[in-house]
Amino acid sequence: FEKFMLVLNVGGVIDLSELGDVKNILLLSQLGVETGYALADILLGKIYPSGKLTTSWAEPCSYSHLDFGNKDDTRYKEGIYVGYRYFDVMGIEPLYPFGFGLGYTDFQINNTVVTAEKTEIHIKATVSNMGNYKGKEVVQAYISAPNGNLDKPRCELCAFKKTKELLPCESDFAELEFDLRDMCSYDEKREAYVLEKGEYILYIGTSLKNKSPVAKLNLDGDVFVFKVKNLCGPYDFKDFAPKNIERAAVKDKIPVINISASDFYEKSVDYC
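Note that this is a predicted model, so its numbers are computed, not measured.

(A) Spatial organisation of the nonpolar core. In terms of nonpolar packing, the biggest core is built from 29 residues, with F178, L180, L195 and L202 touching the most fellow members. Elements that contribute at least two residues to this core include exactly β4 (120–129), β5 (138–144), β6 (156–162), β7 (171–179), β10 (198–205), β11 (211–219), β12 (223–227) and β13 (256–259). No other element matches β11, which puts four residues into this core. Not counting residues within four places of it along the chain, the set of residues in contact with L180 comprises T119, I143, L195, L217, I259 and F264.

(B) Representation of the pattern of salt bridges. In this structure the tally under the stated criterion is nine salt bridges. Note that D73 and R75 form a salt bridge whose closest N and O atoms lie 3.8 Å from each other. One salt bridge connects R154 with D88, and the closest N-O pair in it is separated by 3.0 Å. Here R154, found in the loop between β5 and β6, pairs with D88, found in helix α2 (residues 84–90); they are 66 residues apart in sequence, far enough to count as distant. The structure contains a network of salt bridges with shared partners spanning D73, R75 and D236.

(C) Inspection of the packing of aromatic side chains at higher detail. Per the counting criterion, the structure on display carries eight aromatic pairs. Both rings, one in Y186 and one in Y193, keep their centres 5.0 Å apart while their planes meet at 55°; by these two values the pair is tilted. Note on Y186: relative accessible area 29%, which makes it partly exposed. A residue is classified by how much of its surface remains accessible, and Y193, at 32% relative accessible area, is partly exposed. Between Y235 and F237 the ring centres are 5.2 Å apart and the planes differ by 50°, which places this aromatic pair in the tilted class. Classification of Y235 by relative accessible area gives partly exposed; the value is 43%. Pairwise contacts between aromatic rings join Y81, Y86, F87 and F240 into one cluster. One cation-aromatic arrangement involves K124 over F173; the distance from NZ or CZ to the ring centre is 4.5 Å. Just above the ring of Y265 sits the side chain of R181; from NZ or CZ to the centre is 4.0 Å.

The rules behind the values
Sequence order as written defines residue numbering, which begins from 1 separately in each chain. pLDDT decides what is reported in this predicted model: residues at 70 or higher carry local features, side-chain atom pairs at 80 or more are listed and counted, and totals for whole chains, interfaces and linings draw on all residues regardless. Excluded from the side-chain calculations are hydrogens and water; all other atoms, namely the structure's heavy atoms, are used. The nonpolar core is taken to be a set of buried Ala, Val, Leu, Ile, Met, Phe, Trp, Tyr and Cys residues, with the residues joined through side-chain atoms within 4.5 Å. Three labels apply to residues, based on accessible area from a 1.4 Å probe with only protein chains included: buried if under 20% of the type maximum, exposed if over 50%, partly exposed otherwise in between. Put simply, DSSP marks the helices as runs of H or I at least four residues long and the strands as runs of E at least two long, and each gets a number from the N terminus on. By definition in these notes, contact holds between two residues if any of their heavy atoms fall within 4.5 Å. By salt bridge we mean one thing: a side-chain nitrogen of Lys or Arg within 4 Å of a carboxyl oxygen of Asp or Glu. Ring geometry is summarised as follows: Phe, Tyr and Trp rings, the Trp one being its six-membered ring, pair when their centres sit within 6.5 Å, and such pairs are stacked at plane angles under 30 degrees, edge-to-face over 60 and tilted between the two. Only Lys NZ and Arg CZ are tested; either one counts as a charge over a ring when it is within 6 Å of the ring centre and within 35 degrees of the ring normal.

It is worth stressing that arrangement in space is one thing and function is another; only the former is reported here.
Okay, structure coming up:
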């Protein structure tokens, strides 16, 4: 057929590695009784797709850290490396990366400005519709933590914002914000959720793969975000942790924003 669309009426990730010659794939998911109406409106151009993947769609690969099969006990050895965090740190190129999704037009993100109000980070960017059809775009912010003592992925989603409907040649501002406190990780030795000092690289883009660095957040000291206690007891295995994670080198000149550890406050749990 000259025009062909593969419609995926599925509830989860499936293997698409054998469909390299299919140019149009619509992930409809499972919408219940309204599914037919939604599909008809998309095919007739009454509405347009503008969603993004919340999972990585990859070829079947060996994931040696799974430990399922014992009916009495399961050891979750993958640790924090679940989903896009695993593919990213292992250098596995998925068929369709986390955050990916197309519509009927193309967008451009520029004029990004990053500011900080103590622990809160604010991002403002211009999003322009460069194509011939109306649509919406999802602007995504990712952050890369410094190499420290805690196990951290190469990149983490920290904020996202969907634009309003943009007509061809129309532009609008996308404003995102997040609290740097939410990027902390648990430290078993110190029994606390901690942000380690160092340089955090902030990226803006339209998917995990399609992103560009826009700012460096320089935290001048370790921060205890949440003080707790280890209550679950010891376990008989170690979480998977890749050795010598290489952070993406940033060659572009981007703004440096200094963040003071004194601006953070510590929360704690009172145990009875």
